[in-house]
Amino acid sequence: MAHATPQGVKLLNGFKRPGRFEKGLGAQLPDAYKKFWREWKLTKPAAVHYIPKESEWERDEVTHAIKPIQSIPMPLIDTPESHQGIWGGEAVIKGFQKRQQTKRRVPHFWVPTLRRSVVHSLVLNEYMSVVVTERTLEQIHECHGFDHYLLKNLACDLRSALALKLKREVLKALQLGCPTLAAEPKHQKDVLKEYSPYLASYTPEEIDWYGHTYIEAIRKLQQQLRAAEQVLPHKVEFRTKLIERLREAGIAEAGKKEPKDAISNSEHKDADIEAMTKLESSPTSSWLSKINPFGKKET
């Protein structure tokens, strides 16, 4: 039966559920955004809450039995607050805690210690007050600056949407030549010399789509599609056609009128009535006579 199905041989190993990039507007997203998404969501981040072991086997200290090592990453919870700050790869951990020996374990959440600090971006020439952790500050000092911290780390290690957005802004500023430092040409040249090598890893399209969430990417794609097509509502189109037809009919009737100085007000009214009568009888306005309550009815 596999040959008679739309997916064919793929159904031999079970039905494959379509992913977010295989249906709807997600399938129309460019490859530049899909590359960023793989870097953000599918790449294995650096170990933060555990110490990985390099070897594959270890010997138990008590039984001396050899057993395999299982370095399984801990499941992390990215709360909405984590995307409003820069937590340095940390997140909320959900687990169980046995607080007393004679009682059952209870659920517990481990939340990183947060503090508000000020960071400085040389490329953007701005000071920003953000919520960070101690690990974030340590990594910034190890990378010798906030810009180096954003540009050196992958999206899976930055994790938060705010950090990814700032990274996109830094890349765009480097691509434009640091316009915020235009008043200081010497300092601008030094900054470009120090940070420009990071642009070699990205194309202009990848920089444009970098750091967007899935919802933001879909909205951006919709805006591009609307700007390319520029759909005109039917009511506007039909109204324009109607005005053009009425204007043509009015101009044709206006050519038969006498000058205004030669006719009186009563003659103006008679001419208007005759013009409306001829306009109703014309083929372009025949449908108007059907809805005109003051028009003449045919018997």
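Up top is the structure these notes are about.
Residues numbered from 1 in each chain as written. Predicted model: local features only at pLDDT ≥ 70, side-chain atom pairs only at ≥ 80, totals over all residues. Heavy atoms only, no water.

### Things to note about unusual backbone geometry
Right, on to step 1. Residue Asn125 is not a glycine yet carries a positive backbone phi of 55°.
Right, on to step 2. Of note in the backbone geometry, Cys178 takes a positive phi value of approximately 55° without being a glycine.
Right, on to step 3. With respect to the helices and strands, Cys178 occurs in the loop between α5 (161-176) and α6 (185-195). (Helix = DSSP H or I, 4+ residues; strand = E, 2+ residues; numbered from the N terminus.)

### Side note on α5
Right, on to step 1. For α5, spanning 16 residues, the distance from its first C-alpha to its last is 23 Å, which sits close to the expected 22 Å at 1.5 Å a residue.
Right, on to step 2. All buried positions along α5 are accounted for by Ala163, Leu164, Leu166, Lys167, Arg168, Val170, Leu171, Ala173 and Leu174.
Right, on to step 3. Phi turns positive one or two residues past the end of α5, at Gly177, with a value near 90°. (Expected span 1.5 Å × (residues − 1). Buried < 20%, exposed > 50% of the residue type's maximum accessible area, 1.4 Å probe, protein only.)

### With respect to the sheet that holds strand β3 (residues 76-77)
Right, on to step 1. Strand order in the open sheet made by the three strands is β3-β4-β5, with antiparallel pairing throughout. Each end of this open sheet is capped by a strand with a single partner; those strands are β3 and β5 (106-110).
Right, on to step 2. Pairing between strand β4 (residues 92-97) and β5: five bridges, direction antiparallel. Directly across from Phe96, in β5, lies its bridge partner Pro107. (Pairing = 2+ DSSP bridges.)

### Looking at the pattern of salt bridges
Right, on to step 1. Evaluated as defined, the whole model comprises eight salt bridges.
Right, on to step 2. As a salt-bridge pair, Asp208 and Lys172 come within 3.9 Å of each other at their nearest N and O atoms. Of the two residues, Asp208 is situated in helix α7 (residues 204-209) and Lys172 in helix α5; the sequence distance between them amounts to 36 residues.
Right, on to step 3. Relative accessible area serves as the criterion here: at 27%, Asp208 is assigned to the partly exposed category.
Right, on to step 4. What makes Lys172 partly exposed here is its relative accessible area of 28%.
Right, on to step 5. A salt bridge links Asp208 to Lys220; the shortest N-O distance between them is 2.8 Å. Placement of Asp208 in helix α7 and of Lys220 in helix α8 (residues 214-229) is noted, with a sequence separation of 12 residues between them.
Right, on to step 6. Linked by salt bridges that have partners in common, Lys172, Asp208 and Lys220 make up one network. (Salt bridge = Lys/Arg side-chain N within 4 Å of Asp/Glu carboxyl O.)

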